[in-house]
Amino acid sequence: MNDVPEGVPEGAIAVVGMSGRFPGAPDLAAYWANLQGGVCSLTDFDAPAGEVGTKGLLADADRFEAGLFGFHRTEAAALDPQHRLLLETAWAALEDAGYDPLRAPARTGVYVGGSPTEHALAAATDRGLAARIGATQVRILTDREFLAPWISYRLGLDGPSMNVQTACSTSLTAVHLAAQALLLGECDTALAGGVCVDAVRPRGYVHVDGGIYAPDGRCRPFDEKAAGTVPGNGVGVVVLRRLEDALADGDPVRAVVRGSAVTNDGATKVGFTAPGVDRQTAAIVEAWEAAGLDPARAQYLEAHGTGTELGDRIELAAAGTAFAGASAVRLGSVKSNIGHLDAAAGVAAFIKTVLMLEHGRLAPTVNVESPHPDLESSPFRLATEAGAAWPRPADGTGRLAGVTSVGIGGTNVHVVLEEAPPRPAPAPAEGSFVLPLSARTEEQLRALAGRLADTLGASDAPPLAEVAHTLRTGRTALPVRTYVVASGPAEAAERLAAGVRDPHPLGEAWLAGGEVAWPEAPEGTRRVSLPTYPFAGERLGALTLGQGAPQAPAPEAAPEAGLEAAVAGALREALGLDASDEALDRTYFEAGGDSLTAVHLVSRMGDEFGIDVPIDLFLEQLTLAELAARIVALRAGDDELDALLDEFEAEAES
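Summary of the structure given here. All values reported here derive from a predicted model rather than from experimental measurement.

Bringing the state of the cysteines into the picture now. As enumerated under the stated definition, the model contains zero disulfides in all. Unpaired in this structure, C196 has its nearest cysteine sulfur neighbour in C168, at a distance of 9.6 Å. With a relative accessible area of 5%, C196 lands in the buried category. C219 takes part in no disulfide bond, and the closest cysteine sulfur, belonging to C40, lies 8.9 Å away. Classification of C219 by relative accessible area gives buried; the value is 0%.

This next bit is on the pairing of strand β15 (residues 400-406). In terms of burial, β15 is a largely internal element, seven of the seven residues being buried. Sheet topology note: the strand β10 (residues 300-302)/β15 ladder contains three bridges and is parallel. Bridge pairing in β15 links E302 to V403. Sheet topology places β15 next to strand β16 (residues 411-419); seven bridges connect them, and they run antiparallel. Looking at β16, one finds that V406 is bridged to N412.

A pair of packed helices is captured by two measures, namely the crossing angle of their axes and the spacing between those axes. At their nearest, the axes of helix α1 (residues 28-36) and helix α13 (residues 345-359) sit 11 Å apart, and the two run at 80° to each other. Between α1 and α13, the angle falls in the class roughly perpendicular. Facing α1, whose interface residues are L28, Y31, W32 and L35, α13 presents A348, I351, K352, L355, M356 and H359. Per-class residue counts for the contact of α1 with α13 are eight nonpolar, one polar and one charged.

Quick look at the pattern of salt bridges now. Following the criterion strictly, the structure yields 37 salt bridges and no others. Salt-bridge contacts for E65 lead to R440; the nearest nitrogen and oxygen are separated by 3.1 Å. Residue E65 is found in the loop between β4 (63-64) and α2 (73-78), and its partner R440 is found in the loop between β17 (433-439) and α14 (442-456); the two are separated by 375 residues along the sequence. On the basis of relative accessibility, which here comes to 3%, the residue E65 falls in the buried class. Close ionic contact of R139 with E145 constitutes a salt bridge, the shortest N to O distance being 2.5 Å. A relative accessible area of 43% means that R139 is categorised as partly exposed. One network of salt bridges, with partners in common, ties together K55, E118, D198, R201 and R203.

With seven of its nine residues buried, helix α7 (residues 147-155) lies for the most part within the structure. Of all the residues in α7, the buried ones are L147, A148, W150, I151, S152, R154 and L155. Against α2, α3 (81-96), β5 (108-114), α6 (135-142), β6 (161-163) and β7 (189-196) lie the buried residues of α7. Trailing α7 by a residue or two, G156 shows a phi angle of about 70°, which is positive.

You can see T54 is positioned in strand β3 (residues 54-55). Looking at T54, its side chain comes within polar contact range of the side chain of D44, at 2.8 Å. Discounting residues that sit within four places of it in the chain, T54 has contacts with L42, T43, D44, F45, Y205, G217, R218 and V230.

Bringing the nonpolar core into the picture now. Ranked by internal contacts, the top residues of the largest apolar core, which has 75 residues, are F64, F71, I151, L435 and L456. Sort the elements by how many residues they give to this core and α3 lands first, with seven residues. Residues contacting L435, with those up to four places away along its chain left out, are L456, L464, V467, A468, L471, T482, Y483, V484 and A492.

The two faces of a sheet get side chains in turn, since along a regular strand they alternate between them. Relative to strand β11 (residues 329-332), β10 runs parallel, the two being bridged by three bridges. Looking at β11, one finds that L301 is bridged to L331. Handedness of the crossover joining β10 and β11 through helix α11 (residues 309-322): right-handed. Relative to strand β13 (residues 380-382), β11 is paired through three bridges, and the arrangement is parallel. The partner of L331 across the bridge, within β13, is L382.

Here we take up α6. Along α6, the positions that sit buried rather than exposed are Q137, V138, I140, L141 and T142. Elements in contact with the buried residues of α6: α2, α3, α4 (118-124), α5 (127-133), α7 and α19 (595-609).

What counts, and at which threshold
- Residues numbered from 1 in each chain as written.
- Predicted model: local features only at pLDDT ≥ 70, side-chain atom pairs only at ≥ 80, totals over all residues.
- Heavy atoms only, no water.
- Disulfide = S-S within 2.5 Å.
- Buried < 20%, exposed > 50% of the residue type's maximum accessible area, 1.4 Å probe, protein only.
- Helix = DSSP H or I, 4+ residues; strand = E, 2+ residues; numbered from the N terminus.
- Pairing = 2+ DSSP bridges.
- Axes fitted to C-alpha atoms, helices over the stretch in contact; angles between N-to-C directions.
- Parallel < 35°, antiparallel > 145°, perpendicular 65-115°, else oblique.
- Contact = heavy atoms within 4.5 Å.
- Nonpolar A, V, L, I, M, F, W, Y, C, P; charged D, E, K, R; others polar.
- Salt bridge = Lys/Arg side-chain N within 4 Å of Asp/Glu carboxyl O.
- Polar contact = N/O pair within 3.5 Å; in protein donor to acceptor, adjacent residues only side chain to side chain.
- Core = buried A, V, L, I, M, F, W, Y, C linked by side-chain atoms within 4.5 Å.
- Right-handed = clockwise from strand over helix to strand, strands pointing away.

No statement about biological role is implied by the geometric values presented.
Structure (structure tokens):
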């Protein structure tokens, strides 16, 4: 246990882990580099006539390391890309917090939401897909209703598991609900965030005069020429814990949620899709009241900032009233960099603000040529300078910021963020340390070692005792392994880069593949944020409307000699196996089968082959080849029984 400093604010929530993938940024290091450099990460491409060919594209949105999460290929291909990305991002966020994703703390909750997708719509109308894996399986693999439950199931998280849907404010609402659940004691750790991957291929949008989309493919928040937003894709997850627990358990606190609030405009606006002033103001005021802080102390506001003329004007009016006592509050909107990420927009803004608090620097709002005139009479000044320092307040208190998100339908969210409290440097630890690493392939192991070498070779490298502690307790042990022994970060970086490994009993036990009895970490040792797993899944694509698989025709009755091959083929197809004989040497569950697929196969055996298969047969320790033979034997038994019944009926009639 670590000592908890006195004066921990009541109701404070620690951000202990984060992970995200955004346009132009496969990880948060690249995201931060783009943000502080003032990079516009929107992509321009050729689009059909009548469309604007611009979007915040997410690279490799169709890749997924299915085997890491226990999905066979057929399931993984049917699984919506949003589910795939959210699973990997949740894994990485837990690693960033220093926790083994498959051994997360007890009572870990999940609060996430997603956007509508072309893949889910196409799957719902693909009769061929339903015939292959079952209509129920199609739904649970594609419907956004199951985003949170899949994370809980595959990572073994037993806290509340809830989908959140409030349109554009979804993921920031998820952060608020997760924080409330922690304060109420419903869970002790929580994952919160959102995802938006409406399509994995480049797709433009249609600009309509008076609509929400920009005519020129650029989002210009709080610019007097603002004419609309630009769609984008992305995913983000944060790990939250009560601050006193995070400090006591030695978690890497990245920032602190001091308070949050949610309101709805109700009927006090001109239309369902229009924003409202009064309840946006109320969300901000209530969040700062919950934090026990005066809004006048804010130094920065990360606004919803869609770049629409009406939305920006209303948001300035609402925020101006809430922050009336403040002066020179810097204002920004990440939508200018990456576009509007719909259900993931709030968490993208939240993560941006945490990164600014961590680094003590303000990221600029880009594409702005002439700030909106309403800013002159407001407490806000648009942040437009790349790399600008964010000084601490003169009174020595921490940096404070607000993050706002607004959803179509009127759900307004505001979160108050404060920089992490100062913590004394740990006492230097003497001696050498074994650093264990593992992955699923040699190539991934080399990538992981290279990333860790870069981290440990930096001037601000964490203490090696804390690195060793995090690698030993905060990573899932995978089959391909290595280790290095070093007494300091620089030496570890050199050995990782060179692949040098001095024999060590603990390291050799690690290589042997078993559980290792690592020594207890010294008192006060903390977890640290280290490079997370280098996912390297194959491209699985995504279903597209109008191009789904045709409905499979009912097969003709197979000759007895070919029936076993046909049954084996159905098993292969349902489990996503290749055509090799070796693929059938595993049991049903070893091949990735589950109870729901078994129910579908029982139905399919009856419909296609006229064989009544008891579901218990799938539970027996049979190879798939043996299972296919047993199923065919059931058909033979049915034929013999039919022949015997025919004989009895003939005798009765004679």
